[in-house]
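Architecture and fold: a report
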Amino acid sequence: MNLFGVMDVSGSALQAERLRAEVVASNMANAETTRTPEGGPYRRQQVVFQSAASDQGTFAHHLLSESNGEIGGVQVAAVVSDNTPGLRRYDPQHPDAGKDGYVTYPDINPLTEMVDMMSATRAYDLNSSAVQATKGMIDASLDILK
Amino acid sequence: MQITTPLSDELSRYLDLSSLELKLTAQNMANVDVPGYRAVGFDFAQEMQRSIGDALASRKRDTAKAGSDVNVTKVDGLVERPDGNNVSMDREGMKMAEAQLQFRTGEELLKREFTRVMDAIHADK
């Protein structure tokens, strides 16, 4: 059983949660964006996670671990756009207003985004404490040699 | 000549199991937001008992260590969230602390055991 493998598992989670926090930040930043390169208002982005199968079969896998079942981290399967129609607000002065005077804004709820951000932060904390724990154990293993 | 003692064999197995426990906990923590993921774990006491039996048997037969497969199963009795994931952050946090303490204990004991063997080697000087 190799302790460095634990770091890979926790590291994959740190990476995934950081991406999630980035996406949430981008959603919040673009809550009022009405113009995008694709045209139309900004669409809310959402991250989809999936558990990663351990990379059995590679040289590194055989070198680093005495395999003990499927131990794998997490990976980002996709970042998908929310396709619900945006919120319509009456603002005839706005340059992007339609003929009827309504502007379509992205359908972003600050509460949902904040909850998502908190959940990402907590998960990140959890996994970084796992990395700390692993480091402590590797340190202790090195102590045997002293 | 054998330098390892029965106690050091058992301790190394204990460390193996502790680090597997840490690994599984890390895996559960990593997958805390994956829909449909089920927490995994194993019965530490049972696996330890089995591996001590294996270690004793392999020592008698003087073969390489037998039976390193640990029976990893999905954990029962956890509250499932609406997305089908049943990882509990509190349970995983506790398991991680437990695995760390176990590992430290095992390591400290192993260190003492090796010091004892070293003392025996140097005893005639």
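Right above here is the structure, for reference.
Each chain carries its own residue numbering, running from 1 in the written order of its sequence. For naming, the first written chain is A and the first written ligand is 1, with later ones following in the order written. Reporting in this predicted model follows two pLDDT cut-offs: at least 70 for local features of residues, and 80 or more for side-chain atom pairs to be given and counted; totals over whole chains, interfaces and linings ignore these cut-offs and use all residues. The basis for every side-chain value is the complete set of non-hydrogen atoms in the structure, without hydrogens or water.

1. What about the overall build of chain A?
Stated formally: Secondary structure elements follow DSSP: runs of H or I of four or more residues count as helices, runs of E of two or more count as strands, with numbering from the N terminus. Exposure categories follow from relative accessible area, calculated using a 1.4 Å probe and restricted to protein chains: below 20% of the type maximum is buried, above 50% is exposed, and the middle band is partly exposed.
Helix and strand counts for chain A come out as 3 helices and 4 strands. For chain A, buried positions account for 35% of its 146 residues.

2. Digging into the nonpolar core
This is how it is decided: To form a nonpolar core, buried Ala, Val, Leu, Ile, Met, Phe, Trp, Tyr and Cys residues must be joined to one another through side-chain atoms within 4.5 Å.
Core analysis: the biggest nonpolar cluster contains 41 residues, and Leu3 and Val74 of chain A together with Leu22 and Phe42 of chain B have the highest contact counts within it. Broken down by secondary-structure element, the contributors of at least two residues to this core are helix H1 (3-29), strand E1 (45-51) and helix H3 (110-144) of chain A together with helix H1 (6-30), helix H2 (44-61) and helix H3 (89-122) of chain B. Ranked by the residues each element gives to this core, the list is headed by H1 of chain B, at 10 residues.

3. Considerations on the side chain of Thr34 of chain A
Residue and element names in this part refer to chain A. Keep this limit in mind: Polar contacts, as used here, are pairs of N or O atoms within 3.5 Å; protein pairs need one atom able to donate a hydrogen and one able to accept it. Residues neighboring in sequence count only if both atoms are side-chain atoms. In what follows, a contact means two residues having at least one pair of non-hydrogen atoms within 4.5 Å.
In this fold, Thr34 is placed in the loop between H1 and E1. With relative accessibility at 14%, the residue Thr34 sits in the buried group. A distance of 2.8 Å separates polar atoms of two side chains, one belonging to Thr34 and the other to Asp96. Once you skip the residues sitting within four places of it in the chain, Thr34 turns out to touch Gly40, Pro41, His94, Asp96, Val103, Thr104 and Tyr105.

4. Side note on H1 of chain B
Stated formally: Residue count minus one, scaled by 1.5 Å, sets the expected span of a helix.
For H1 of chain B, which comprises 25 residues, the first-to-last C-alpha distance of 36 Å matches the rise-based estimate of 36 Å (1.5 Å per residue) to within 8%. Most of H1 of chain B sits inside the fold, with 19 of its 25 residues counted as buried.

5. A few points about the interface of chain B and chain A
The criterion, for reference: Summed over both partners, the accessible area (1.4 Å probe) lost when two parts come together is defined as the buried area. Note on definitions: salt bridges are taken to be side-chain nitrogens of Lys or Arg within 4 Å of carboxyl oxygens of Asp or Glu.
Opposite the 31 residues of chain B that make contact, chain A presents 36 residues. When chain B packs against chain A, the two sides together hide about 2700 Å² of surface, and 66% of this comes from carbon and sulfur. Among the residues chain B hides against chain A, the three largest losses belong to Lys23, Asp33 and Met89 of chain B. Together they make up 23% of the total. Between chain B and chain A we count 1 salt bridge in total. Among the salt bridges present, the one from Arg20 of chain A reaches Asp33 of chain B, with a minimum N-O distance of 2.6 Å. Put simply, chain B and chain A have 5 residue pairs in polar contact (both at pLDDT 80 or more) between them.

6. Structural notes on the packing of H1 of chain A against H3 of chain A
All names here are of chain A. The criterion, for reference: For helices, the axis comes from a line fit to the C-alpha atoms of the stretch in contact; other axes are also lines fit to C-alpha atoms, and the angle between any two N-to-C directions lies between 0 and 180 degrees. The labels follow the angle: roughly parallel below 35 degrees, roughly antiparallel above 145, roughly perpendicular from 65 to 115, and oblique for the rest. A crossing counts as left-handed when the near helix is turned anticlockwise from the far one by less than a right angle, and as right-handed when that turn is clockwise. Any residue outside Ala, Val, Leu, Ile, Met, Phe, Trp, Tyr, Cys, Pro, Asp, Glu, Lys and Arg is labelled polar, Gly included; the first ten of those are nonpolar and the last four are charged.
Where H1 meets H3, the axes come as close as 9 Å, and the angle between the chain directions of the two elements is 160°. Taken together, the axes of H1 and H3 are roughly antiparallel relative to one another. Helix-helix and strand crossings are classified by hand; for H1 and H3 the assignment is left-handed. The residue inventory of the contact of H1 with H3, partitioned by class, reads 19 nonpolar, 7 polar and 6 charged.

7. Focus on the pattern of salt bridges
What the rule picks out here adds up to 15 salt bridges over all chains. Arg35 of chain A serves as the salt-bridge partner of Asp96 of chain A, at 2.9 Å between the closest nitrogen and oxygen. Residue Asp96 of chain A is found in the loop between strand E3 (87-90) and strand E4 (102-105), and its partner Arg35 of chain A is found in the loop between H1 and E1; the two are separated by 61 residues along the sequence. Judged by its relative accessible area of 56%, Arg35 of chain A falls in the exposed class. One network of salt bridges, in which partners are shared, links Glu17, Arg20 and Asp116 of chain A together with Asp33 of chain B.

8. Topic: the packing of H3 of chain A against H3 of chain B
As a packed pair, H3 of chain A and H3 of chain B sit with axes 9 Å apart at the nearest point and diverge in direction by 5°. For the element pair H3 of chain A / H3 of chain B, the angle class is roughly parallel. Contact with H3 of chain A, carried on its side by Arg122, Ala123, Leu126, Ser129, Ala130, Ala133, Gly136, Met137, Ala140, Ser141, Asp143 and Ile144 of chain A, involves Met89, Asp90, Met96, Ala99, Gln100, Phe103, Arg104, Glu107, Leu110, Lys111 and Phe114 of chain B of H3 of chain B and no other residues of that element. When grouped by side-chain class, the residues that make up the contact of H3 of chain A with H3 of chain B number 13 nonpolar, 4 polar and 6 charged.

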